[in-house]
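Fold and contact review
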Amino acid sequence: MSSPNYSKIGLSFFSTRPPWRLGKVASKLAIYILALIVLTVLMIPIAWMISTSLKPTADIFEIPLRWIPTTITLENFSSQFNDILRRIFLNSVIVGIATIVLSTFSGALSAYAIARYRFWGTSSLLLFFLASMAFPIPLIMVSMYILFVKVGLLDTYAALVLGHTVVTLPVVVWLLKNFFDSLPIEVEEAAFMEGAGPFYTFFFVVLPMSKPAVVAAAIFVFVTSWNEFMFGLIFITSNELRPLPVGISMYFLTQFDSAWSQMMAVAIIVTAPILVLFLVFQKSFTHGVTAGAVKG
Amino acid sequence: MMVPAMAIMGGLVLFPLFNGIRMSFTNASPLKPDTHWVGLENFAYLFEDREFGEVIYNSVFIIGSSTILSLVIGFAIALLLNSGIRGAGFFRAAIFQVWIVPWIVIAILWGWLYNSDFGLINHILMQLGILREPVNWLFNEIPAQITIITGYTWRSIPFMMVVSLAALQSIPKEIMEAASIDGAGFFRRVVYIIIPLMRNILMVLALVQAVRLIQDMTLPWVLTHGGPINSTMTISMYTFKLAFDSWDFGLASAVGTLWLFVLILLAAISMRTLSRNTN
């Protein structure tokens, strides 16, 4: 056997077995610097958003652009958090919470049924749920629209909640089904022995054990609902009921053509609830919003 | 137990899906009193329509480049964070914050960054000497496409990074150690070991994100409304506008049906490739 080619390893900056210590320190340092550069570049838009939102209007139109405002002001926030914004903000909160209830509840039930009672067609059902995440939404929307007009649901929160449930339910089922699969079945068997029916077992035995997964699912549902744009644009026609993203694109973007500091304040207000969710439930959050992709 | 979910999925997904396919052979429209069969007329129209061709081309270009760019960058960051540095968790969480930014905020934010007079991007590019004079990003075809692509890429990077990082960490340490003892440097290990091992995951990742981006409409709607001259008109926005601007349900359904058909085709192809790769 020939001896390993050390010169080659030494040349490689990231090698884990460099022949001399200095190389190791240098490569570690290089990785840190690179990671910091990447982070900075990715964060520039967010930093700029925050910086702009704190500026008095005059600062925005100053060249060269300045990162630090001449005076830091919260004016933009207080002036923009007005009745319209409060209203559409509230609309999105209501729709988001209602969607959490409907989507998580019905999703959890059927995920449990799929996980525990393997009946005919289970796997094709799961495949259908998975596939439906990719379906062309405008195609489905046309028939939903016709249906909602017929039954008088158009321009109600219910139309939005149903729309948002349709796009989130498959992910909820997928996420929770995987979690229920990992639960030990013995606990449920014990409950059955004690005479508990399937629904009782589900609500009082299984659900309490599944808190982290249910939280992850609920967060995913809320974030998706908060983000959703297309349904909001069409299923709601009266101004008071519009969800946040649609409301902003309709009132705020057209109203202030160049009031960018105000716009950035609005943008931060829209992001805030999601950021809070992220900071509080970091683990379930990451799990929830990346679900459905990794499990395939 | 299955009743609530099945009622929702059956009534609001499966039925609309089939009804949509049925409608694609009609001239359905809320503006017309009577609906009748038109056979393949809608499809024939689409295949001859220049606008539709442009929309397909622009969608594929915008979504394809965003997906590939974000996959490459996200994977590279994952490699960086997987090299055993301390604080990788911090970097991961910090970068992930980009993923939580709502679409509408991304639209407003990139609109501001790409502002022609006071936008940060023109400013930086001019300071670096890359640009001589400010570009009017949103009002020229290719710059407008670049705007949308950067927005999509920026938003997709964290997702690509988080999932690739999880996959990288699942590669057995012994394989990497054996390789470096054999004299494989970092880049060789990436090219000859990591990428072949992760080929399936990377492919699935790209597909998932591409499908998700195809469904989004917020960014082009708010930033450019599809313009200038349809350069940023993506397929979902085009279908949406056919249905709810022109109220031509038949034609919109035809586009949706074609879209569904392509999805099924793609799914079949990728499943075959995936199972061949695993064998």
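Residues numbered from 1 in each chain as written. Chains lettered and ligands numbered in written order. Predicted model: local features only at pLDDT ≥ 70, side-chain atom pairs only at ≥ 80, totals over all residues.

1. Concerning helix α9 (residues 186-215) of chain B
Residues and elements named next belong to chain B.
- Between its terminal C-alpha atoms α9 stretches only 37 Å, short of the 44 Å expected from 30 residues at 1.5 Å a residue.
- Bending of α9 peaks at approximately 60° at the position of R199.
- Among the residues of α9, those classed as buried are R189, I194, L202, L205, V208, Q209, A210, L213 and I214. (Helix = DSSP H or I, 4+ residues; strand = E, 2+ residues; numbered from the N terminus. Expected span 1.5 Å × (residues − 1). Bend = angle between axes of the 7 residues up to and from the residue. Buried ≥ 20, exposed ≤ 12 C-beta atoms within 10 Å, placed from the backbone.)

2. Quick look at the interface of chain B and chain A
- Between chain B and chain A, the residue contacts involve 71 residues of the former and 73 residues of the latter.
- Per-element tally for the side of chain B that touches chain A: the top contributor is helix α1 (residues 3-23) of chain B, with twelve residues.
- Looking at the side of chain B that touches chain A residue by residue, the class counts come to 56 nonpolar, 15 polar and no charged. (Contact = placed C-beta atoms within 7 Å. Nonpolar A, V, L, I, M, F, W, Y, C, P; charged D, E, K, R; others polar.)

3. Some remarks on the environment of A:M133
- Here A:M133 lies in the loop between α6 (122-132) and α7 (137-151).
- Sequence spacing of A:M133 and A:V166 is 33 residues, and the spatial spacing of their C-alpha atoms is 9.0 Å.

4. Observations regarding the nonpolar core
- Grouped together as the largest cluster of nonpolar side chains are 155 residues, with contacts concentrated most on A:L176, A:A217 and A:A267.
- It is helix α8 (residues 157-182) of chain A that provides the largest number of residues to this core, a total of 15 residues.
- Those residues in contact with A:A267 that lie beyond four places of it in its chain are A:M49, B:V105, B:I108 and B:L109. (Core = buried A, V, L, I, M, F, W, Y, C linked by C-beta atoms within 7 Å.)

5. Description of the domain arrangement of chain A
Residues and elements named next belong to chain A.
- What the domain assignment reports for chain A is domain 1 (6-53) and domain 2 (77-290).
- The straight-line distance from the C-alpha centre of domain 1 to that of domain 2 is 38 Å.
- Opposite the four residues of domain 1 that make contact, domain 2 presents six residues. (Domains from an automatic or database assignment.)

6. Observations concerning the environment of A:I268
All names here are of chain A.
- Counting through the fold element by element, I268 comes out in helix α14 (residues 260-280).
- Taking the C-alpha atoms as reference points, I268 and W226, 42 residues apart in sequence, are found 14 Å from one another.
- Among all residues touching I268, those that are not within four sequence positions of it are M49, I50 and S53.

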